[in-house]
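Single-letter residue listing:
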Amino acid sequence: MALRAALRSKCGLSGLLSQLSSRSSHARVCVSPVLVAQQRNNSTSSKVKVEFDQSTGVAVMHMQSPPVNSLSLDFLTEFCINVEKLEMDKTCRGLIITSSQPKVFSAGLDIMEMYGKSPERCGEFWRAVQEMWLKLYSSDMVTIAAINGSSPAGGCLMSLTCDYRIMADNPRYSIGLNETQLGIVAPFWFKDTMVNTVGHRTTELALELGLLYSPSEALKIGLVDLLVPEDEVLTTATKTMTKWLAIPDHARQITKSMMRKPTIDKLTSKREADIQNFVSFITKDSIQKSLRMYLEMLKKRRG
Amino acid sequence: MALRAALRSKCGLSGLLSQLSSRSSHARVCVSPVLVAQQRNNSTSSKVKVEFDQSTGVAVMHMQSPPVNSLSLDFLTEFCINVEKLEMDKTCRGLIITSSQPKVFSAGLDIMEMYGKSPERCGEFWRAVQEMWLKLYSSDMVTIAAINGSSPAGGCLMSLTCDYRIMADNPRYSIGLNETQLGIVAPFWFKDTMVNTVGHRTTELALELGLLYSPSEALKIGLVDLLVPEDEVLTTATKTMTKWLAIPDHARQITKSMMRKPTIDKLTSKREADIQNFVSFITKDSIQKSLRMYLEMLKKRRG
Amino acid sequence: MALRAALRSKCGLSGLLSQLSSRSSHARVCVSPVLVAQQRNNSTSSKVKVEFDQSTGVAVMHMQSPPVNSLSLDFLTEFCINVEKLEMDKTCRGLIITSSQPKVFSAGLDIMEMYGKSPERCGEFWRAVQEMWLKLYSSDMVTIAAINGSSPAGGCLMSLTCDYRIMADNPRYSIGLNETQLGIVAPFWFKDTMVNTVGHRTTELALELGLLYSPSEALKIGLVDLLVPEDEVLTTATKTMTKWLAIPDHARQITKSMMRKPTIDKLTSKREADIQNFVSFITKDSIQKSLRMYLEMLKKRRG
């Protein structure tokens, strides 16, 4: 049942994607370039805003889902649709991902999607998380994370899928896969992505302890590539993108695929099992109880 | 023949383990907690002393086999029995391993077990080395090595199986897998454990040259995680353990298994072949000659 | 057809190798050691000069193919013959590779072998590149790269196959796998060798951007092991070799093989497919056009 629902979700997503992309390709064919830019590239939706500069071939995706860009099913669906649109637009060569919310890049997976939900819904949600990772980690575009705020758990994962990570040098921010601190477990493909970035031992330590790193610590272990003052994150991302786009696309894309394909193939071949594994874990009474306690703790903090 | 003897050894060990554990679980059920703590947790045997603090859930295992905690068959058997007991005691969540001998954590595999011994005996010995590694590397407990002295070869391996390594900041001490210096070879699972800790290239260099590192060098390459003054090794290990035990056990254990299972499965599936390989290598005339020369060199040094 | 030609080349190489080695082994048997040293060890050919010191067991291979030791088919054939000769000479335990050309170690694969050539010829060339890598990466000798000049692309690969890399501390020199900058792609075994040396993430970044590193940057990421003043590169290599040769050969060789065999087996099992892949890629119109533009750019620079 969970699988069927998940597949429905998949179909729904694909259907929506194809509608949107056919519209966008239609626009590209029939309308003057300037109008196209206005009409389709600066699309504003509730959770994600995309600015595409056709003169440079670079799109900036602003995550703008208050208060902390939580990765809900709705957010992920919209996010993936936008990435897919850009991916299919051959004039778009680079994607910068950043946040419009203050102090946070993304707070990660939306706990409300895991608490008190049916197995079917949990399965749909997890498939969307997988989809986000698959799309970003295998993107033919140059992807740069402009991390202008804290980036725990799923927010860190999103950053890790990019080709380059630039973080605001603000010691109040932190980044890391801190799932174990909440009593849950980062799945193997989160782990693989982190191992590919910072190596086996640092990942073991980080995941067992659910460590969150300050920007300077993150730089030291290689979790991010560059720190800059907070108000220079986006401009630095733009300059860095120019350097990356000087490399012939074709050679860079084949190289990127060579580096990442084994990790991507692993999830692709175990996707359904991974969903079932997540659903059976997250719907356990003990895990639901942990999440409830965590949510109550959050509520008290805010209250 | 070697295999049969080794299997006998395995059975013997299992039998002893089950006797001991049935005794301990009996004690736990029938006697008051304080008495239990006195009766079974501070067991003193000739080679290993275990102190278990039920209030914290942390056991400290003191290796006390003069002069240098060599990993003989007897030592390993007793060591594994004690680890197994703690593993099966669900109130024990953390294990600190340290040495009661001055200046040395463990000198590693006992060369006398490899020199002039029958193939059967060599096979028994090797199975016990494997068992030590398998038990520690897959332990559900948080394991911390409190390395208060030199830790070459098998002593280094034992440290590498732990979740965290704290070493005395004494430049006279050293740590490393120095097997090649003696003309012998660290097997693939020693190698895998080191690669998982310090990466491929550092391992290649370390194993080809049989390098021993000073504490500060070991920290630099990631072979240990922390250096503290010699008299603070154990207290720091205890404090560090508290931090680790703040993480929900279940999530940490699944994460640890995810990181280590492929490496463990590799030895498990090749265990008999690895024993045969060791036995046929170590019983070679040329290797026996190397060991004799090394032993004579040691004798002269002491004499 | 490409394969057949490549196989012919292989046969030719083997034939030549066996002629040369039978000559050398004949010399070793029949002539006095001093004469042997003069006769066969200081062989001078057009592209490679080998000096073998029988008193130390160390050979120094000077690459002397003007202007920049490009790895042409002729160069690679001669290079491999010489490595093979030394490999089969059990008195030769160590090999130092260095350059006789000013300012350059090796400029890497000869672009003229890839531009305007028949598929058959391209296949022959690629097999020779594979052969060079296979011979060096699996060598039983201790191999040290004395990198006394720039070492891009194939020159970097050659360095990476060695057990140790010593580079001239001259900021004008650079080293790296910069293939993508030219619009071509480092194949999986170049990538594997680099991952084994500097890890996954550094390799991803280096290969996607085609980065060339200054000596100090190369040291920092672990692409080279030691920097020394330019006029001390070879003497330091010789001193370093002495340290390596203090390790028992047999234990070191088994250890080296354990570290490298999976990577070597991967190419060995995919060798023909890798050749076909290279040939079909390099003979594409778009790639040929890229190479022509690059060659014209080089011509203008020199002109």
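Since this is a predicted model, take the numbers as computed values, not measurements.

A. Highlighting unusual backbone geometry. Geometrically, the link from Pro66 of chain A to Pro67 of chain A is a cis peptide bond, its omega value of 0° lying close to zero. Unusually for a residue other than glycine, Lys103 of chain A sits at a positive phi of about 70°.

B. Region of interest: the packing of aromatic side chains. Evaluated as defined, the whole model comprises 24 aromatic pairs over all chains. Taken together, a centroid distance of 6.2 Å and an interplanar angle of 5° make the contact between Trp126 of chain B and Phe190 of chain B stacked. A residue pair is termed long-range when its members are at least 10 positions apart, and Trp126 of chain B in helix H4 (residues 119-137) and Phe190 of chain B in helix H6 (residues 188-198) qualify at 64 residues. The residues Trp126 of chain B and Phe190 of chain B share a single accessibility class, namely buried. Lying over the aromatic face of Phe188 of chain A, Lys270 of chain A brings its terminal NZ or CZ to 5.4 Å of the ring centre.

C. Fine view of the interface of chain B and chain C. In this assembly, 20 residues from chain B lie in contact with 18 residues from chain C. By the criterion of area lost to chain C, the three top residues of chain B are Arg201, Glu208 and Leu209 of chain B, representing 40% of everything that side buries. Where chain B touches chain C, the interface holds 2 salt bridges. The partner of Glu204 of chain B in a salt bridge is Arg260 of chain C, with the nearest N and O atoms 2.8 Å apart. At the surface where chain B touches chain C, the tally comes to 6 residue pairs in polar contact (both at pLDDT 80 or more). When contributions to the side of chain B that touches chain C are tallied by element, the ones reaching two or more residues are H6 and helix H7 (200-209) of chain B.

D. Region of interest: the side chain of Asp89 of chain A. Within the secondary structure, Asp89 of chain A is located in the loop between helix H3 (73-88) and strand E3 (94-99). Separated by 2.6 Å, the side chains of Asp89 of chain A and Thr91 of chain A make a polar contact.

E. Highlighting the relation of the copies chain B and chain C. When chain B is fitted to chain C, the residual RMSD is 0.0 Å, and the transformation amounts to a turn of 120° plus an axial shift of 0.0 Å. Seen this way, the second copy is the image of the first under a three-fold rotation axis. Considering only C-alpha atoms, the part of chain B nearest the rotation axis is Gly199 of chain B, at 4.2 Å.

F. Spotlight on the confidence of the model for chain A. Residues and elements named next belong to chain A. Looking at chain A as a whole, its pLDDT mean stands at 87, while 85% of the residues score no less than 70. Confidence drops under pLDDT 50 across residues 1-41; counting only partners more than four residues distant or on other chains, this segment forms 45 contacts. The ipTM for the predicted assembly is 0.85, set against a pTM of 0.87.

G. Quick look at the pattern of salt bridges. Taken as a whole and judged by the stated rule, the model has 47 salt bridges over all chains. Note that Glu131 of chain B is salt-bridged to Lys135 of chain B, the shortest N-O span being 2.8 Å. Here the residue Glu131 of chain B and the residue Lys135 of chain B both occupy positions in helix H4, the gap between them amounting to 4 residues, near one helical turn. Taken individually, Glu131 of chain B and Lys135 of chain B each receive the classification buried, so the pair is uniform in this respect. Measuring nitrogen to oxygen at the nearest pair gives 2.8 Å for the salt bridge that ties Arg201 of chain C to Glu204 of chain C. Here the residue Arg201 of chain C and the residue Glu204 of chain C both occupy positions in helix H7 (residues 200-209), the gap between them amounting to 3 residues, near one helical turn. The class of Glu204 of chain C is buried, set by a relative accessible area of 4%. Here the salt bridges share partners, and the residues they tie into one network are Asp163, Arg165, Asp225, Lys256 and Arg260 of chain A together with Arg201 and Glu204 of chain C.

H. Examining the interface of chain A and chain C more closely. Taken together, the 18 residues of chain A in the interface contact 20 residues of chain C. For the pair chain A and chain C, the summed buried area comes to about 1,700 Å², and 66% of that belongs to carbon and sulfur atoms. The largest share of the area that chain A buries against chain C comes from Ile247, Met258 and Met259 of chain A, three residues that together contribute 35% of it. At the surface where chain A touches chain C, the tally comes to 2 salt bridges. Scanning the region where chain A abuts chain C turns up 6 residue pairs in polar contact (both at pLDDT 80 or more). Listed by contribution, the elements that provide at least two residues to the side of chain A that touches chain C are strand E6 (164-168), helix H6 (188-198) and helix H10 (249-269) of chain A. Looking at the side of chain A that touches chain C, the element that brings in the most residues is H10 of chain A, giving 9 residues.

I. Looking closely at the side chain of Asn178 of chain C. Position of Asn178 of chain C among the secondary structure elements: in the loop between strand E9 (175-176) and helix H6 (188-198). Apart from the residues lying within four places of it in its own chain, the contact partners of Asn178 of chain C are Pro152, Ala153, Gly210 and Leu212 of chain C.

J. Fine view of the nonpolar core. Residues and elements named next belong to chain C. Counting residues in hydrophobic clusters, the biggest one holds 91 residues, and the most contacted among them are Phe79 and Met158. Here this core takes 10 residues from helix H4 (residues 119-137), the largest share from any one element. Setting aside chain neighbours within four positions, we find Phe79 in contact with Val48, Met61, Met63, Ile97, Met132, Leu136 and Met158.

K. Representation of the pairing of E3 of chain A. Residue and element names in this part refer to chain A. Among the 6 residues of E3, 6 are classified as buried, and the element is accordingly described as predominantly covered. Where burial is concerned, the two faces of E3 agree: the one with Gly94, Ile96 and Thr98 and the one with Leu95, Ile97 and Ser99 are both buried. The pairing of strand E2 (residues 58-63) with E3 spans 6 bridges and is classified as parallel. Bridged to Met63 within E3 is Ser99. Note that the unit made of E2, H3 and E3 has a crossover that is right-handed. Taking the sense of rotation as the criterion, the β-α-β connection linking E3, helix H4 (residues 119-137) and strand E4 (residues 142-147) turns out right-handed.

L. Seen up close, the packing of helix H3 (residues 73-88) of chain B against H4 of chain B. All names here are of chain B. Running from N to C, H3 and H4 point in directions that differ by 30°, and their axes come no closer than 9 Å. In this view, H3 runs roughly parallel relative to H4, as classed from their interaxial angle. Handedness of the H3/H4 crossing: left-handed. Contacts from Leu73, Leu76, Phe79, Cys80, Val83, Glu84 and Glu87 of H3 reach H4 at Arg121, Glu124, Phe125, Ala128, Val129, Glu131, Met132, Lys135 and Leu136. Class assignment for the residues of the contact of H3 with H4 results in 10 nonpolar, no polar and 6 charged.

M. Local environment of helix H9 (residues 233-245) of chain A. Over its 13 residues, H9 of chain A extends 18 Å from the first C-alpha to the last, a length consistent with the 18 Å expected when each residue adds 1.5 Å. Listed in full, the buried residues belonging to H9 of chain A are Val233, Thr236, Ala237, Thr240, Met241, Trp244 and Leu245 of chain A.

N. Looking closely at the pairing of strand E2 (residues 58-63) of chain C. Residue and element names in this part refer to chain C. Among the 6 residues that make up E2, 6 are buried, leaving the element largely enclosed by the rest of the structure. A two-sided burial pattern is seen for E2, the buried positions comprising Val58, Val60 and His62 on one face and Ala59, Met61 and Met63 on the other. Note that strand E1 (residues 48-53) and E2 share 6 bridges and pair antiparallel. Paired with Glu51 across the bridge in E2 is Val60. Connecting E1 to the antiparallel partner E2 that follows it, the hairpin turn spans 4 residues, and Gly57 within it adopts a positive phi of roughly 80°.

O. Spatial organisation of the sheet that holds strand E6 (residues 142-147) of chain C. Residue and element names in this part refer to chain C. Taken in spatial order, the 6 strands of this open sheet run E1-E2-E4-E6-E8-E10, and their pairing is mixed. At either end of the open sheet lies a strand with only one pairing partner, and these are E1 and strand E10 (226-228). Mean inter-strand twist for the sheet, computed between neighbouring axes without regard to direction, equals 20°. As paired elements, strand E8 (residues 164-168) and E10 share 3 bridges and run parallel to each other. Bridge pairing in E10 links Met167 to Leu227.

What counts and how
- Residues numbered from 1 in each chain as written.
- Chains lettered and ligands numbered in written order.
- Predicted model: local features only at pLDDT ≥ 70, side-chain atom pairs only at ≥ 80, totals over all residues.
- Heavy atoms only, no water.
- Phe/Tyr/Trp six-rings, centres within 6.5 Å; stacked < 30°, edge-to-face > 60°.
- Helix = DSSP H or I, 4+ residues; strand = E, 2+ residues; numbered from the N terminus.
- Buried < 20%, exposed > 50% of the residue type's maximum accessible area, 1.4 Å probe, protein only.
- Lys NZ or Arg CZ within 6 Å of the ring centre and 35° of its normal.
- Contact = heavy atoms within 4.5 Å.
- Buried area = accessible area lost by both parts, 1.4 Å probe.
- Salt bridge = Lys/Arg side-chain N within 4 Å of Asp/Glu carboxyl O.
- Polar contact = N/O pair within 3.5 Å; in protein donor to acceptor, adjacent residues only side chain to side chain.
- Least-squares fit on C-alpha atoms with pLDDT ≥ 70 in both.
- pLDDT = per-residue confidence, 0-100.
- Core = buried A, V, L, I, M, F, W, Y, C linked by side-chain atoms within 4.5 Å.
- Pairing = 2+ DSSP bridges.
- Right-handed = clockwise from strand over helix to strand, strands pointing away.
- Axes fitted to C-alpha atoms, helices over the stretch in contact; angles between N-to-C directions.
- Parallel < 35°, antiparallel > 145°, perpendicular 65-115°, else oblique.
- Left-handed = near helix turned anticlockwise from the far one by under 90°.
- Nonpolar A, V, L, I, M, F, W, Y, C, P; charged D, E, K, R; others polar.
- Expected span 1.5 Å × (residues − 1).

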